[in-house]
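Coordinate inspection notes
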Amino acid sequence: MSVSGKKILIAVSGGIAAYKIHFLIRDFVKKDAEVQVIMTPDAEQFVTKLSLSTLSKNPVYSDFYGDNGTWNSHVEMALWADVMIIAPCTANTLAKMTHGMCDNLVIATYMSAKCPVFIAPAMDLDMYAHPSTRQNIEVAEDYGHFIIPAETGELASGLIGQGRMAEPETIVKAVENFFTSQTSAKSLEGKTVLITAGPTYEAIDPVRFIGNHSSGKMGFSLAEEASKRGAKVILISGPSSQTTDDKNIELHKVTSAREMLNKVFEFYDRVDIGIASAAVADYAPKEVAKEKIKKNDDSLTIELVKNPDILKTMGEKKTHQFLVGFALETQNEEENAKGKLEKKNLDMIVLNSLRDEGAGFKNDTNKIKIFTRTEKKEFNLKSKDEVAADILDFVEAQLLG
Ligand SMILES: Cc1cc2nc3c(=O)[nH]c(=O)nc-3n(C[C@H](O)[C@H](O)[C@H](O)COP(=O)(O)O)c2cc1C
């Protein structure tokens, strides 16, 4: 499950590893999480509020007291958070957390938090191995907190041993895994999800065709994510080099738009969620030559006729299905995508623009915007697997109302 839209409260204490928090914040923000940073007064010796607030796009607090008689509400921040991460967690902060010594904003916020708490300790090897630290880690675990153990390697002191704060990507992964285990594990159990993927090839003669550059990656990522969430998945793919060995995915390979249409409607009645990510050719040659067309003349005219519009037909025949379309636009993107949502009777449309670097057909990454009739959400550039998780999170949120 992605951390998109999740509220992440990061508390920084005064260790040398505080410099890594910039990367941690950046990773979460890139994944569309909302990040609020607080810090201990000592942490201000190591990193600046300015850099942390610039990256997190929110003010950073280290003090209870604001200007002109105001105060920074630890209670509000604690209740706002979906998760709290203390990183780096010094020996001192850990000891205070486990003994209720509430003399700064970080500890007061921590003690008010009802959300899951992740602790990434960082200290020199002897401090990390000290019986008091070991005991405090055990107590924190008994409180139900998640400890992200320090790693072994060269420490700031020059010594080598266990004490380095876990890398930011390890911390992000731990939080993502938590959300996955909490909500999405079987969130689509009992649902049938039909996904179209890849290009279609429209034959000109026995050896030539009209096609496009769609790789099918987005559709296959969606199928695997839906399967992870317990759905029964029917994946109808045009010619693509993508494969899957997921037993939960029923893969049907087709070639042309007409074949894709027929295959979709073999299953459509029993589908709960339809996601049309295939790049279907709009036109096909009127006649398919029986033999290979010879290179006789200087020019060749092929008459094209309109293909059936699979998504529009799915929209027209919609009874109970939640229908998601894709739009790949090069101009007037939002307007065209919203128009398609209406015209084709969709519930949701995913827009990617060829103007965005890294987005679209052949890349492993994609940058999307999602529209429903009432909502719009913009996402950062991410791997197609992460985009698939974002899309299904959004679908699930719509289905829950
Ligand atoms: C250069 C320097 C680096 C330090 N690095 C760490 C560290 O990695 N881990 C730790 O537990 N304490 C470290 N300390 C000690 C803490 O800064 C000190 O215990 C402080 O009181 C922690 O306050 P806080 O937990 O409220 O942030 C370091 C101190 C200095 C001067």
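Here the structure is a predicted model, which means the values were calculated and not measured.

1. Remarks on helix H4 (residues 91–99)
For an α-helix, 3.6 residues make a turn, and residues three or four places apart therefore share a direction. Residues Ala91, Thr93, Leu94, Lys96, Met97 and Thr98 constitute the buried set of H4. At the exit of H4 stands Gly100, carrying a positive phi of roughly 65 degrees.

2. Comments concerning the site of the ligand
The environment of the ligand is formed by 14 residues, the closest being Gly14, Thr40, Thr90, Ala91 and Thr93. The separation between a nitrogen atom of the ligand and a polar main-chain atom of Ala122 is 2.8 Å. Isolated, the ligand exposes 640 Å² of accessible area, and the fraction of that covered by the protein chains is 65%. Residue contributions to the shell around the ligand peak at three residues, all from H4. Classifying every residue of the shell around the ligand gives six nonpolar, seven polar and one charged.

3. Side note on the nonpolar core
In this structure, Ile10 and Phe28 are the most contacted members of the largest nonpolar core, which totals 33 residues. What Ile10 contacts, discounting residues up to four positions off in sequence, is Ile21, Leu24, Ile25, Phe28, Val35, Gln36, Val37, Ile38, Ile85 and Ala87. Grouped together as the second largest cluster of nonpolar side chains are 29 residues, Ala223, Ile275, Val387 and Leu392 included.

4. Quick notes on the pattern of salt bridges
Note on pairing: side chains with opposite charge can pair once their charged atoms come close. A complete count under the given rule lists 23 salt bridges for this structure. One salt bridge connects Lys312 with Glu316, and the closest N-O pair in it is separated by 3.7 Å. Of this pair, Lys312 and Glu316 both sit in helix H11 (residues 310–316), four residues apart, which is roughly one turn of that helix. Using a relative accessible area of 35% as the deciding quantity, one classes Lys312 as partly exposed. Residue classification places Glu316 among the exposed residues on the basis of a relative accessible area of 55%.

5. Quick word on the sheet that holds strand S16 (residues 322–329)
Strand order in the open sheet formed by eight strands is S12-S11-S8-S13-S16-S17-S19-S20, with mixed pairing between adjacent strands. In this open sheet, the two edge strands, each paired with only one partner strand, are strand S12 (249–253) and strand S20 (376–378). Direction aside, the axes of adjacent strands within the sheet are offset by 15 degrees on average. Here strand S13 (residues 273–276) pairs with S16 via four bridges, running parallel. From the neighbouring strand, Ala276 faces S16, where its bridge partner is Gly325.

6. Overview of the sheet that holds strand S5 (residues 146–147)
In spatial order, the strands read S2-S1-S3-S4-S5; together these five strands make up an open sheet with parallel pairing. Of all strands in the sheet, those with a lone pairing partner are strand S2 (34–39) and S5, marking the two edges. Of the pairings in the sheet, the one linking strand S1 (residues 7–12) to S2 comprises six bridges and is parallel in character. Bridge pairing links Ile8 to Val35 in S2.

7. Notes on the domain arrangement of the protein
Here the domain parsing of the protein yields domain 1 (7–184) and domain 2 (192–400). Relative to domain 2, the C-alpha centre of domain 1 lies at a distance of 42 Å. Every contact between the two is made by six residues of domain 1 and, on the other side, eight residues of domain 2. Regarding the contact of domain 1 and domain 2, the summed buried area is about 500 Å², with carbon and sulfur atoms giving 30% of it. Where domain 1 packs against domain 2, one counts two salt bridges.

8. Considering the pairing of strand S7 (residues 160–164)
The pairing of strand S6 (residues 151–154) with S7 spans four bridges and is classified as antiparallel. Looking at S7, one finds that Glu154 is bridged to Ile160. The turn linking S6 back onto S7 is made up of five residues, and Gly158 within it adopts a positive phi angle of 95 degrees.

9. Observations concerning the environment of Thr109
One can find Thr109 in helix H5 (residues 105–112). Note on Thr109: relative accessible area 0%, which makes it buried. Note: C-alpha distance between Thr109 and Ser73 (36 residues apart in sequence) is 8.3 Å. Setting aside residues no more than four positions away along its own chain, Thr109 makes contact with Leu9, Ile38, His74, Met77, Ala78 and Met84.

Reading the values: the criteria
- Residues numbered from 1 in each chain as written.
- Predicted model: local features only at pLDDT ≥ 70, side-chain atom pairs only at ≥ 80, totals over all residues.
- Heavy atoms only, no water.
- Buried < 20%, exposed > 50% of the residue type's maximum accessible area, 1.4 Å probe, protein only.
- Helix = DSSP H or I, 4+ residues; strand = E, 2+ residues; numbered from the N terminus.
- Near = heavy atom within 4 Å.
- Polar contact = N/O pair within 3.5 Å; in protein donor to acceptor, adjacent residues only side chain to side chain.
- Areas by Shrake-Rupley, 256 points an atom, 1.4 Å probe, with all protein chains shown as cover.
- Nonpolar A, V, L, I, M, F, W, Y, C, P; charged D, E, K, R; others polar.
- Core = buried A, V, L, I, M, F, W, Y, C linked by side-chain atoms within 4.5 Å.
- Contact = heavy atoms within 4.5 Å.
- Salt bridge = Lys/Arg side-chain N within 4 Å of Asp/Glu carboxyl O.
- Pairing = 2+ DSSP bridges.
- Axes fitted to C-alpha atoms, helices over the stretch in contact; angles between N-to-C directions.
- Domains from an automatic or database assignment.
- Buried area = accessible area lost by both parts, 1.4 Å probe.

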